[in-house]
Amino acid sequence: MIERILERTFLLFLSSGFAKTNTDQIAKHIGISKRTLYKYYDTKDKLIDSVFELMRSKVQSKFDKVLQDKTKDPIDRLKEILFFISDMGSKMSKTFAKDIEMVRPDLFVTMREFRKQRILSLADLLREGQKAGQIRKDVTPELTIDILLAAVDGILNPTYLFQSPYSNTMAFDAIVTIFLEGVQEKY
């Protein structure tokens, strides 16, 4: 039941934000009573914290799984992670991004640091790709990952997202495309 509550609440928050979403709306979206929701989470902040913990756990699990899967080429694993990041970002509404920054700046800082650590972990994958001849040898993995991180941070900046005429999907797809085209060895 808890995972169902968190999964469904996460989807609601992604699409509608959480600042103006009340517990009545959350319970209705999940398909449970408000009393049942309060049985598991007596405050909205505890629910928000749990939703974000679930999200971090799922992202960490995906990264670990992909990075450790040596049956796939480094470039395929890099693409899988980048498309995963892009997919997650494309589901995030501008309202959700703004809520994190304005309503829960503690979560904004935590999520930004978490994202940074995950992206920094891709430097080893670039080195592996260089050894396999899939990533350009003239690319410095750490600097390249710093550039990727700066682009993602720039796009995931709620101020940018709110003012941008581009959808999250368009912005993330552009980052992934430009990054992959820049690092891949041309055949």
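Residues numbered from 1 in each chain as written. Predicted model: local features only at pLDDT ≥ 70, side-chain atom pairs only at ≥ 80, totals over all residues. Heavy atoms only, no water.

Any chance you could explain the UniProt feature "domain: HTH tetR-type" (unreviewed entry) in the chain here in plain terms?
Mapped onto this numbering, the UniProt entry annotates "domain: HTH tetR-type" (unreviewed entry) at residues 1-59. Along residues 1-59 one finds 78% helix and 0% strand; the C-alpha atoms at either end are 21 Å apart. (UniProt positions renumbered as here; feature names shortened; annotations may be inferred. Helix = DSSP H or I, 4+ residues; strand = E, 2+ residues; numbered from the N terminus.)

How do you make sense of the environment of phenylalanine 52 when you look at a structure like this?
Within the secondary structure, phenylalanine 52 is located in helix α4 (residues 44-68). What makes phenylalanine 52 buried here is its relative accessible area of 1%. Separated by 31 residues in the primary sequence, phenylalanine 52 and threonine 21 place their C-alpha atoms 16 Å from one another. (Buried < 20%, exposed > 50% of the residue type's maximum accessible area, 1.4 Å probe, protein only.)

Would you take a moment to explain the pattern of salt bridges for this structure?
Where charged atoms from two side chains of opposite charge approach closely, those side chains can pair. Evaluation of the coordinates by the stated rule reveals 19 salt bridges. A salt bridge links arginine 56 to glutamate 53, with the shortest nitrogen-to-oxygen separation between them at 2.6 Å. With arginine 56 and glutamate 53 both in helix α4 and 3 residues apart, this pair spans about one turn of that helix. The exposure class assigned to arginine 56 is buried, which follows from its relative accessible area of 14%. The salt bridge involving arginine 77 is made with glutamate 128; its shortest N-O contact spans 2.1 Å. Remark: glutamate 128 occurs in helix α8 (residues 123-131) and arginine 77 occurs in helix α5 (residues 74-90); sequence separation between them is 51 residues. Relative accessible area serves as the criterion here: at 25%, glutamate 128 is assigned to the partly exposed category. (Salt bridge = Lys/Arg side-chain N within 4 Å of Asp/Glu carboxyl O.)

Is there a simple way to think about the packing of aromatic side chains in this case?
Within a pair of aromatic rings, the relevant descriptors are the distance that separates the centres and the angle that separates the planes. Applying the stated criterion across every chain, the model contains 4 aromatic pairs. Geometrically, the ring pair formed by phenylalanine 18 and phenylalanine 96 is edge-to-face, given 6.1 Å between the ring centres and 80° between the ring planes. Of this pair, phenylalanine 18 sits in the loop between α1 (2-16) and α2 (23-30) while phenylalanine 96 is found in helix α6 (residues 94-103), placing the two residues 78 residues apart along the sequence. Look at phenylalanine 18 and you get buried, because its relative accessible area is 1%. (Phe/Tyr/Trp six-rings, centres within 6.5 Å; stacked < 30°, edge-to-face > 60°.)

Any chance you could explain the environment of phenylalanine 84 here in plain terms?
Within the secondary structure layout, phenylalanine 84 lies in helix α5. In this structure the C-alpha to C-alpha distance between phenylalanine 84 and serine 164, which are 80 residues apart in sequence, comes to 22 Å.

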